[in-house]
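Residue strings, one per chain:
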Amino acid sequence: MKLTVWTYEGPPHVGAMRIATAMTDLHYVLHAPQGDTYADLLFTMIERRNHRPPVTYTTFQARDLGSDTAELFKDAATDAYERYKPAAMIVGASCTAELIQDDPGGLAARLGLPCPVLPLELPSYSKKENWGASETFYRLVRGLCSPHAPAPGDPKPERREGPPRANILGPTALGFRHRDDIKEITKLLGKLGVEVNVVAPLNASVRDVTRLGDADFNVVLYPEIADAAARWLEKAFGQPRTTVTPMGVGATRDFVREVAGFIGVDPEPALDDEDLRLPWWTRSVDSNYLTGKRVFVFGDATHAIAAARVAVEEMGFELVGLGAYNREFGRDVREAAAKYGVEPLIIDDYLEVEAAIEAARPELVLGTQMERHIAKRLGVACTVISAPVHVEDFPARYAPVMGYEGANVLFDTWVHPLVMGLEEHLLGMFREDWEFSDENGPSHLGGHAPAPRKPAPVPVEAAPAPEPVTNTVEPTAPGEPVWDDDAMKELKKIPFFVRGKARRNTETYAAEHGTDTITVETLYDAKAHFGR
Amino acid sequence: MTAELATTPAESDCTTDILRERGQREVFCGLTGIVWLHRKIQDAFFLIVGSRTCAHLMQSAAGVMIFAEPRFATAVIEERDLAGMADANEELDRVASQVLARRPDIKTLFLVGSCPSEVIKLDLSRAAERLNKTHTDVRILNYSGSGIETTFTEGEDFCLESLVPELPQAPAEERSLMVVGSLADVVEDQFIRLFDAMGLGPVHFLPARNSETLPPVGEGTRYLLAQPFLGKTAQALEGRGAKRIAAPFPLGAKGTESWLRAAADAFGVSDERFEAAVSAPRARAIKALERYREALEGKRIFFFPDSQLEIPLARMLHHECGMELLEVGSPYIHRSHLDCELPQLPASTQLSEGQHVDSQLDRCRDAKPDLTVCGLGLANPLEAEGLSTKWAIELVFTPIQGFEQAGDLAELFARPLRRRDVLRVK
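Calculation notes
Residues numbered from 1 in each chain as written. Chains lettered and ligands numbered in written order. Predicted model: local features only at pLDDT ≥ 70, side-chain atom pairs only at ≥ 80, totals over all residues. Heavy atoms only, no water. Helix = DSSP H or I, 4+ residues; strand = E, 2+ residues; numbered from the N terminus. Rg over C-alpha atoms; globule rule 2.2 N^0.38 Å. Buried < 20%, exposed > 50% of the residue type's maximum accessible area, 1.4 Å probe, protein only. Contact = heavy atoms within 4.5 Å. Areas by Shrake-Rupley, 256 points an atom, 1.4 Å probe, with all protein chains shown as cover. Lys, Arg positive; Asp, Glu negative; His and termini not counted. Charge placed at Lys NZ, Arg CZ, Asp CG, Glu CD. Buried area = accessible area lost by both parts, 1.4 Å probe. Salt bridge = Lys/Arg side-chain N within 4 Å of Asp/Glu carboxyl O. Polar contact = N/O pair within 3.5 Å; in protein donor to acceptor, adjacent residues only side chain to side chain. Nonpolar A, V, L, I, M, F, W, Y, C, P; charged D, E, K, R; others polar. Pairing = 2+ DSSP bridges. Axes fitted to C-alpha atoms, helices over the stretch in contact; angles between N-to-C directions. Right-handed = clockwise from strand over helix to strand, strands pointing away. Domains from an automatic or database assignment. Phe/Tyr/Trp six-rings, centres within 6.5 Å; stacked < 30°, edge-to-face > 60°. Lys NZ or Arg CZ within 6 Å of the ring centre and 35° of its normal. Parallel < 35°, antiparallel > 145°, perpendicular 65-115°, else oblique.

Chemist: Please clarify how the overall build of chain B should be interpreted in this entry.
Modeler: In terms of regular secondary structure, chain B is built from 16 helices and 14 strands. A compact globule built from 426 residues should have a C-alpha radius of gyration of about 22 Å, and chain B, at 22 Å, falls within 12% of that. Dimensions along the principal axes, computed over C-alpha positions, put chain B at roughly 65 × 60 × 40 Å. When burial is assessed residue by residue, chain B has 62% of its 426 residues classed as buried. Residue pairs at least 24 apart in sequence account for 76% of intrachain contacts in chain B once pairs closer than 6 positions are excluded. Accessible surface, chain B: about 15,700 Å² in total, of which carbon and sulfur atoms supply 49%. For chain B, the distance from the average position of its 47 positive side-chain charges to the average position of its 62 negative side-chain charges is 3 Å.

Laid out in structure tokens, this is it:
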């Protein structure tokens, strides 16, 4: 058993729901008890979908156990077909139904329903949501495309006339910005003269999925969802698959070159865009203050690795942490972390992620909704870059994170929570001004700042009040160098958003030089040693 | 001045033709009750013994409602627990100890059963017994919030039932009132002031806000249900000698007055004293309701089953706001606890119990109600079809009981209609 406060991923059947809900005419019959219908609200509320997810839950109760839960499943599957007339069905069990072993796949097969029925085996006690989505998509693609694939050893069928065609694979319901990413990538492919054959599973019909083999290559936009299916398509239809995630300017250009290589065209027309602003925005002098900002990145592996590259190469940040919650892509995260010289953090325990962020003392966290929560508690700026998502991750406006417009969006949304350059300087100069305090947060962000309170004049004869304990300067951990009072006071004169870095540098410096007590001198020695 | 609701049971036509359905249910399981219980009982921790699905449900249902570290968590059962590679009991003890070490401020730990823990027959009562021996300064209890046994608010019923054996024994001769069912703290405080003004006491509340002040129970205890979903808790209280005071539920001006009146009569409060205590807040409630009458009068309402509050809510909306009741669905209809509610519903009301969500959606579309009360999974799809909806869950997470909240309650139903009228965008 594992103690879990919050979870990054739902169970694997929720992954299957993300596939079914993304598509237009697929239905999912889920053997499940009452209560599992909660998952509907993820789609209808968080994503504001205007249709119920196409899922029928058998809703068995305690009194059904041991009697006729299998019968219940058969009735539910038959009724679901009658009512919804889907083009295909997927059937499976949620965690509880897995324990009672009714074999939904076998039961459904014996019903002889007049549409393809694909059984799903999604082990709830060892696998999670992304795996469930990937497995479902893979089963679906394989089940629906196999009849159209050339037999092993046979030559590839003659290519259909016309421009090069690509499938865009991986976007699902409840995905982080999938809705807009596919628009942006479709536009980008268009610049290379590539037509989109099928986008799947988002907005695809069952018939569309059967046509995947018609494309010349596959764009694996979200490897967590589409990698397994794309690898199968590569084998079955000889379609190459993209390996670069086009998030950020550099990665988008690499992606363009990869695609151009597949089809043998000049990448040039797609290497830039008249509306791409990140390169100039980040080079303009106003962005100078972004240099070396400490950033901690955590999310699904794909978004986290891509965000790390943008942070370092395109924003000029210093990466102080990189991690992902999905172990399936742990190797990629370890490679990226090695490249940037940070420790990889591959874990789905929220409490450990929180501890790691706290220890790294970042000035900006790029994470999921969970890290937003952590950052809020620590008083650190944060932008969400990855699922798990919440309602604000489905903005009304067009807001992709991939392609060139995606790069613009990344620049804006990552800079937004930070204190602006000049304000940062002024806060550093005038720490004593009670109306202008870094603890009020960046001045362009309303809402969270406590009203400034003029300190009461201290009577001359009164003894100095004890220093109030605040959570902005924590006591030193045992075994580490001790701060003397004057050094601690000096530390507090450093603005909140860089204080963590100053403290960490000073402690590291003290430890390296065998200093037990940190004085004001140590603080400035460390400053001279490390620079800002 | 309003006429009170009758507090004597009577026969009614609408109960002779209850539609009983089974099929897909679009409701939460009992675990969801933890979302309010863990805030209500300030020193309790709820440890769900379940699957990743349970943990995911809790954070999805709780989602935006959690602003501080929650006093709940899930011990997620893993493959090795099922395969017998790990002793599930030892694992549970380890995780429970981990929770208690992390939160030394916790005085009561509830081990909460789920669908998977029930199916694999993990004995949580024995686990609680075991843990009580090793953690002597914490009270460790267990109950089931599983979806195979409980629907949404029944989770609170099972939780409170598990608390009843822990209640201290009241002296047999001592007469006291116990108000049963979670209420918002502000509502509880208002009721305390009203009972004080009537000279009625002592009054205790179950659940109490902390584990040190559990209400005593005994032969002299009369209990008044504040919520309609507490069948098992009531039974357990009866087992300890307490007697129920029959009353409708404290929703709306009339409902609240009748509820208070039932307690006042049971404790021999004089009419004058009762009037003196309630006349001002009752007048405020009536005035507040008047503001919404125009918006709600004659509007047709359809309830999908959710919290078991549907019947008292329907009664209130019909009698105090003039709404027309189409179908009133409830997951379970506890006839004896609704003995003062059911007779108040007009004979034309279609009551339904249980759910077959597809059939019910068909009926709803046919009925074309002005307002549909339903769960979060159905609300946006119905809005997209052109129906105005009210999320049922808001009725559980908002203070709605009592005189001072009567207007707020009506507002919850009036707001979707007003919004539909003010928006000039398609």
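From this point, things continue past the structure.
Chemist: Is there a simple way to explain the interface of chain A and chain B in this structure?
Modeler: At the junction of the two partners, chain A supplies 55 residues and chain B supplies 63 residues. Interface area for chain A against chain B, summed over the two sides, is near 5,000 Å², with a carbon-plus-sulfur share of 60%. Between the two partners, chain A and chain B, sit five salt bridges. Taking the shortest distance from any N to any O, the salt bridge between Asp358(B) and Arg52(A) comes out at 3.2 Å. Applying the counting criterion to the chain A and chain B interface returns 24 residue pairs in polar contact (both at pLDDT 80 or more). When the residues that make up the side of chain A that touches chain B are grouped by side-chain class, the tally is 24 nonpolar, 17 polar and 14 charged. The pairing of strand β1 (residues 2–4) of chain A with strand β3 (residues 72–76) of chain B spans three bridges and is antiparallel. The residue of β3(B) that forms the bridge with Thr4(A) is Thr74(B).

Chemist: Would you mind going over the sheet that holds strand β2 (residues 44–50) of chain B with me for this structure?
Modeler: By definition, the strands of a sheet pair up through backbone hydrogen bonds, in either a parallel or an antiparallel sense. On the basis of which strands lie adjacent, the open sheet formed by five strands has the order β1(A)-β3(B)-β2(B)-β4(B)-β5(B) and mixed pairing. Two strands bound the open sheet, and with one partner strand each, they are β1 of chain A together with β5 (139–144) of chain B. Each adjacent strand pair in this sheet contributes to an overall mean axis angle of 25°, direction not counted. Direction of pairing for strand β4 (residues 108–113) of chain B relative to β5(B): parallel, over a ladder of six bridges. When the bridges of β5(B) are listed, Thr108(B) appears paired with Arg139(B). Against the sheet, helix α6 (residues 124–134) of chain B engages β2, β4 and β5 of chain B, with an angle of about 175° to β5(B). Its contacts with the sheet put helix α7 (residues 154–163) of chain B on β2, β4 and β5 of chain B, and the angle it makes with β5(B) is roughly 145°.

Chemist: Explain helix α5 (residues 104–111) of chain A to me, please; I cannot follow it from the model alone.
Modeler: A turn of α-helix holds 3.6 residues, and therefore any two residues three or four places apart point the same way. Residue and element names in this part refer to chain A. Three or more residues of α5 are buried, namely Pro-104, Gly-105, Gly-106, Leu-107 and Ala-108. Residues of α5 that are buried make contact with β2 (26–31), α3 (69–84), β4 (88–93) and β5 (117–119). Count one or two residues on from α5 and you reach Gly-112, which has phi positive near 60°.

Chemist: I tried to follow the pairing of strand β7 (residues 195–200) of chain A on my own but got confused; where do I start?
Modeler: Along any regular strand, the residues point their side chains to alternate faces of the sheet. Residue and element names in this part refer to chain A. With five bridges joining them, strand β6 (residues 165–169) and β7 adopt parallel strand pairing. Paired with Asn-167 across the strands is Val-198, a residue of β7. Handedness of the β-α-β unit built from β6, helix α7 (residues 178–191) and β7 comes out right-handed.

Chemist: Looking at this structure, how should I read the pairing of β2(B)?
Modeler: Residues and elements named next belong to chain B. When you tally the buried positions in β2, you get seven out of seven residues, the bulk of the element. Residues Ala-44, Phe-46, Ile-48 and Gly-50 of β2 are buried on one face, and the alternating residues Phe-45, Leu-47 and Val-49, pointing to the opposite face, are buried as well. Here six bridges tie β2 to β4, and the two strands are oriented parallel to one another. Bridge assignment links Leu-47 to a residue of β4, and that residue is Leu-111. The sheet contact formed by β2 and β3 spans five bridges and is parallel.

Chemist: Please explain the pattern of salt bridges as it appears in this structure.
Modeler: Two side chains with opposite charge may pair up if their charged atoms get near one another. A full pass over the atoms with the stated rule returns 57 salt bridges over all chains. Residue Glu363(A) pairs with Lys293(A) through a salt bridge whose shortest N-O separation is 3.6 Å. Taken together, the positions of Glu363(A) in the loop between α14 (350–360) and β12 (364–367) and Lys293(A) in the loop between α11 (278–283) and β9 (294–299) put the pair 70 residues apart, joining distant regions of the chain. The burial state of Glu363(A) is the same as that of Lys293(A); both residues are buried. Note that Arg209(B) is salt-bridged to Asp185(B), the shortest N-O span being 3.5 Å. In this pair, Arg209(B) is assigned in the loop between β7 (203–206) and β8 (221–225) and Asp185(B) in helix α8 (residues 185–198), connecting sequence segments 24 residues apart. Of the residues examined, Asp185(B) reaches a relative accessible area of 28% and is grouped as partly exposed.

Chemist: What's the story with the domain arrangement of chain B in this structure? I'm lost.
Modeler: Where the parts come together, the accessible area they lose is often given as the size of the interface. The domains assigned to chain B are domain 1 (2–26 + 278–423), domain 2 (30–150) and domain 3 (176–276). Between the C-alpha centres of domain 1 of chain B and domain 2 of chain B there is a distance of 33 Å.

Chemist: Which parts of the structure should I look at to understand the domain arrangement of chain A?
Modeler: As assigned here, chain A comprises domain 1 (12–126), domain 2 (147–270), domain 3 (278–423) and domain 4 (473–532). A separation of 58 Å is found between the C-alpha centroids of domain 1 of chain A and domain 4 of chain A.

Chemist: For this particular structure, what's the right way to read the packing of aromatic side chains?
Modeler: The description of an aromatic ring pair rests on the distance of the ring centres and on the angle between the ring planes. All names here are of chain B. One pass over the structure, following the stated rule, counts 14 aromatic pairs over all chains. One aromatic cluster in this structure is built from Phe-28, Trp-36, Phe-152 and Phe-397. Just above the ring of Phe-267 sits the side chain of Arg-175; from NZ or CZ to the centre is 4.7 Å. A cation over a ring is seen here: Lys-232 above Phe-158, with NZ or CZ 5.6 Å from the ring centre.

Chemist: Please clarify how the sheet that holds β9(A) should be interpreted in this entry.
Modeler: All names here are of chain A. Taken in spatial order, the five strands of this open sheet run β11-β10-β9-β12-β13, and their pairing is parallel. At either margin of the open sheet sits one strand with a lone partner, and together these are β11 (344–346) and β13 (381–384). Direction aside, the axes of adjacent strands within the sheet are offset by 20° on average. Inspection of the sheet shows β9 paired to strand β10 (residues 318–324) by six bridges, in the parallel sense. Following the sheet pairing, Val-295 is matched in β10 by Leu-319.

Chemist: For this particular structure, what's the right way to read the packing of helix α10 (residues 252–266) of chain B against helix α12 (residues 310–321) of chain B?
Modeler: A pair of packed helices can be characterised by two numbers: the angle between their axes and the separation between those axes. Residues and elements named next belong to chain B. At a closest axis distance of 7 Å, the pairing of α10 and α12 adopts a crossing angle of 115°. Viewed along their axes, α10 and α12 adopt a mutual orientation that is roughly perpendicular. The residues of α12 that touch α10, namely those facing Gly-252, Ala-253, Lys-254 and Gly-255, are Arg-315, Met-316, His-319 and Glu-320. Of the residues belonging to the contact of α10 with α12, the class tally is two nonpolar, three polar and three charged.

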